[in-house]
Amino acid sequence: MDLTYTPQEEEFRAELRAWLGAVLPGLPPRPDPLDWPARRRYDTGWQRMLHDAGYADLQREATPTQHLIFLEESERAGAPYVGANFVGLLHAGPTIAAEGTPEQRRRWLPPILRGDEVWCQGFSEPDAGSDLASLRTRAVRDGDAYVVTGSKIWTSHAEVADWCELLVRTSPVSPETPKHKGISWLAMPMDAPGVTVRPVRTLAGSAEFAQLFLDEVRVPVANRVGAENDGWRVTMVTLSFERGTAFVGEVVACRRTLTELAREARANGSWDDPALRRRLGRLNAEFAVLWRLTQWNVSEAQRSGGVPGTGGSVFKLRYSHARQELYDTAAEVLGAEGSLDLGHDWTLDRLSALSYTIAAGTSQIQQNIVAERILGLPKGR
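Everything numeric here is computed off the predicted structure, so don't read it as measured data. (Residues numbered from 1 in each chain as written. Predicted model: local features only at pLDDT ≥ 70, side-chain atom pairs only at ≥ 80, totals over all residues. Heavy atoms only, no water.)

> I keep staring at the environment of Ala 227 and nothing clicks. Help me out?
Summarising the element assignment, Ala 227 is placed in the loop between strand 8 (224-225) and helix 7 (231-244). On the basis of relative accessibility, which here comes to 42%, the residue Ala 227 falls in the partly exposed class. Between the C-alpha atom of Ala 227 and that of Glu 99, which follows or precedes it by 128 residues, the distance is 9.9 Å. (Helix = DSSP H or I, 4+ residues; strand = E, 2+ residues; numbered from the N terminus. Buried < 20%, exposed > 50% of the residue type's maximum accessible area, 1.4 Å probe, protein only.)

> What's the story with the packing of aromatic side chains in this structure? I'm lost.
Any two aromatic rings considered together are summarised by their centre-to-centre distance and by the angle between their planes. The tally for this structure, following the rule as stated, stands at nine aromatic pairs. The interplanar angle of 70° and the centroid separation of 6.3 Å between the aromatic rings of Phe 12 and Tyr 55 together place this pair among those described as edge-to-face. Linking Phe 12 in helix 1 (residues 7-23) with Tyr 55 in the loop between helix 2 (36-53) and helix 3 (58-61), this pair joins segments that are 43 residues apart in sequence. Judged by relative accessible area, Phe 12 falls into the buried class, the value being 10%. (Phe/Tyr/Trp six-rings, centres within 6.5 Å; stacked < 30°, edge-to-face > 60°.)

> Just to check I follow, could you spell out helix 5 (residues 86-99) for this structure?
Two residues of an α-helix separated by three or four positions point the same way, owing to the 3.6 residues in each turn. Relative to the 20 Å expected for 14 residues at 1.5 Å per residue, helix 5 spans 19 Å between its end C-alpha atoms, a close match to the ideal helical length. Of all the 14 residues making up helix 5, ten are buried; the element is thus mostly covered by neighbouring parts of the structure. (Expected span 1.5 Å × (residues − 1).)

> What is the right way to look at the nonpolar core in this model?
Soluble globular proteins: nonpolar side chains tend toward being buried together. Counting residues in hydrophobic clusters, the biggest one holds 24 residues, and the most contacted among them are Leu 89, Ile 96, Trp 108, Trp 119, Leu 167 and Trp 185. Only helix 5, helix 6 (102-114), strand 4 (163-169) and strand 5 (183-189) provide two or more residues apiece to this core. By residue number, the principal contributor to this core is helix 5, which donates five residues. Counting 21 residues, the second largest nonpolar core, distinct from the first, contains Tyr 146, Val 148, Met 190 and Val 221. (Core = buried A, V, L, I, M, F, W, Y, C linked by side-chain atoms within 4.5 Å.)

Laid out in C-alpha cells, this is it:
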C-alpha cells in the first residue's frame, strides 16, 4: 500500500486540526474517571459534536487514510476518545453495518453515531471466556421473541448502556450439532424486564465491568443480526473489528505517552541511564511499526468490504505485550511515588494494561489464529 499522503488528505488534516483547535478549549472539564454515568454524558456529548461537524462516521464514509488521520490528529490534540460507547462505535455498530438488514442499520446506526445510545458487550460467561463457543446462555423461540436465560461477565459499561450485543445458544449442543453451530447474535435492550446488572470492581477501584443476570428476558426475533444459529460467523466479524481496528486510536495514544515519558525522564534525570534510553528507543520503534501495521490492516479491511482480516490477530498479539512493557517502563521512570498513586493516570493505565493480553481474545488464542490461519499449521489436538 502507499503510505504517503495525497494533497487532498493533507487538506483534510489541516481542516480537522483547525476544527479541533477551535472546539477543544471550550469543552467542560473531564469528569472523574471512575464516575461512569458522568463519563457517559461527557463521552456522548463529544460524540454529538463529532456528528454535527461531520466527523462521526469516518470509519465507513471516508477513506481508510482519512480515518487514520482523524484518529492521529484527535490523539495528538488530546481530544476525548470514544469512552463509554466504545462497544457501540467500534464493535456493535460496525457489525450491524456489515451484517444487519437495512431496517436494522436504520434503527441502530444513527443513534450510535449521534451519541444517543450506548452499547455493551454480552459475550463472555463465567465458564466461557477464551472458549467462547462453550457459552450456555440459552434463547428459546416463543412466537416473535426469544426468551433468554443465563449470565454474562466482564460486560463493559453495562450500568450505563442502552443496548447489549448478546451471544445466545439457540440450538443445544449435540454430536450432530457442534457448539459453534447453535449460536445467535442478538441486540438486547438493557431496560428489558429480567435484566440485572451487578458491577464488578477492578483492582484500580473502578466498576466499568459488570456481570449480567438474564431471567427469561424477551428479545424480539427482529433484533437478531444474521440468521438463527449463524451467530458464530457474525461473532467473528465483531471480533475482527475488536482486534483489527478498535485499538487504532490507542496506538496513537501510546506513542503520545512515550513522548511524555521521554520528557519526564529528561526532567527527573532517569534519562542518564543508557538501559532506559534503549528501552524507550526500542518501544518508539515498536509503536511506529504497529502504526504501519494498523495502516495496512485498515486498508485491507477496506478492500475486503470493511471487515478486518486475520492481520488483526497479529496486531493484537504484539500490541498487548508492547503496551504492558510501555507502562512497566513508565513505572520505572516515575518511581515508587508515581506507582503508588492510584489517582494518577499513569498508574491506572498500567493496571489496565495488565488485562490486554486477556481482553478481546487472549494472547494464546491469537497465537493459535496466527498459526492456523496465517501460517497454515495444523490444529492442535
